Amino acid sequence: MTTFISNTQSIRRQMHEWLDIETDDELVQEVANFARKQSLKAKFSKPMTEDEYVSRVLEATAQAERGEGITVEEFEKIAAKW
């Protein structure tokens, strides 16, 4: 574990040094955007608890019973326009 932490710290230092001298603003922006996306993925990809899962299934069932939502065919038509 110590080696991993040391490697991570070393990489962080190297990245900070690189950011200090990098002149390509677009590249720096791309790296920042990538980091943000990864952070969001990590935030929203946490496993659901069983209670969360049951709650979502019940809500989806209730929405379907109320006639909310779209059919697979409707979704395919929408997706074809992307």
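Along each chain, the written sequence defines residue order, and numbers are assigned to residues from 1. pLDDT decides what is reported in this predicted model: residues at 70 or higher carry local features, side-chain atom pairs at 80 or more are listed and counted, and totals for whole chains, interfaces and linings draw on all residues regardless. Only hydrogens and water are set aside when side-chain values are computed; all heavy atoms of the structure are taken into account.

Before going further, it helps to spend a moment on the overall build of the chain. In DSSP terms, a helix is any run of H or I states spanning at least four residues, a strand is any run of E spanning at least two, and both are numbered starting from the N terminus. Helix and strand counts for the chain come out as four helices and zero strands. Counting from the amino terminus, the chain carries its helices and strands in the arrangement α-α-α-α. Note on method: radius of gyration uses C-alpha positions; expected globular size equals 2.2 Å times residues raised to 0.38. Its C-alpha radius of gyration of 22 Å places the chain more than 25% over the 12 Å reference for a compact globule of 82 residues. The cut-offs for exposure are 20% and 50% of the maximum accessible area for each residue type, with area from a 1.4 Å probe on protein chains only; residues under the lower value are buried, those over the upper are exposed, and the others partly exposed. Looking at the chain as a whole, 0% of its 82 residues qualify as buried.

A few words on the packing of aromatic side chains. The aromatic pairing rule takes the rings of Phe, Tyr and Trp, using the six-membered ring of Trp, and pairs them if the centres are within 6.5 Å, calling planes under 30 degrees apart stacked, those over 60 edge-to-face and the rest tilted. Tallied over the full model, the rule gives one aromatic pair. Judged by centre distance (5.9 Å) and plane angle (85°), the rings of Phe75 and Trp82 are edge-to-face. Judged by relative accessible area, which is 43%, Phe75 ranks as partly exposed.

Below, the discussion takes up helix H3 (residues 50–65). What a helix is expected to span follows from its residue count: subtract one and scale by 1.5 Å. Its 16 residues give H3 an end-to-end C-alpha distance of 23 Å, which sits within 8% of 22 Å, the value for a rise of 1.5 Å per residue. Among the residues trailing H3, Gly67 stands out with phi positive, at a value near 85°.

The subject of this paragraph is a negative patch on the surface. Residues enter a patch when their relative accessible area is above 30% and they make no salt bridge; the linking distance is 9 Å between like charges and 5 Å between nonpolar side chains (Val, Leu, Ile, Met, Phe, Trp, Tyr). Only the protein chains shown count as cover for residues, and the accessible areas themselves come from Shrake-Rupley with a 1.4 Å probe. Salt bridges are identified by distance alone: a Lys or Arg side-chain nitrogen within 4 Å of an Asp or Glu carboxyl oxygen. In this tally, Lys and Arg are treated as positive and Asp and Glu as negative; His is ignored, and so are the chain termini. Taken as the charge location is NZ of Lys, CZ of Arg, CG of Asp or CD of Glu. A cluster of like negative charges, contributed by Asp24, Asp25, Glu26 and Glu30, occupies part of the molecular surface. The topology assignment puts Glu26 in helix H2 (residues 25–44).

Take H2 next. Between its first and last C-alpha atoms H2 spans 29 Å; for 20 residues at 1.5 Å apiece the expected length is 28 Å, and the two agree. Backbone nitrogen of Glu26 and a side-chain oxygen of the N-cap are separated by 3.1 Å at the start of H2; the cap is Asp24. A 3.5 Å cut-off defines polar contacts: any pair of N or O atoms within that distance qualifies, except that in protein one atom must be a possible hydrogen donor and the other a possible acceptor, and neighbouring residues in sequence count only when both atoms are side-chain atoms.

This part is about the pattern of salt bridges. Inspection of every chain in the model, using the stated rule, returns two salt bridges. Between Arg66 and Glu59 there is a salt bridge whose closest N-O contact spans 3.3 Å. Owing to a relative accessible area of 39%, Glu59 belongs among the partly exposed residues under this scheme. When the shortest N-O distance is used, the salt bridge between Arg66 and Glu68 registers 3.1 Å. Under the relative-accessibility criterion, Arg66 is labelled partly exposed at 48%.

The subject of this paragraph is the environment of Phe75. Mapped onto the elements, Phe75 comes out in helix H4 (residues 72–80). Contact partners of Phe75, with chain neighbours within four places excluded, come to Ile70 and Trp82. The contact rule is simple, with two residues in contact once any of their heavy atoms fall within 4.5 Å.

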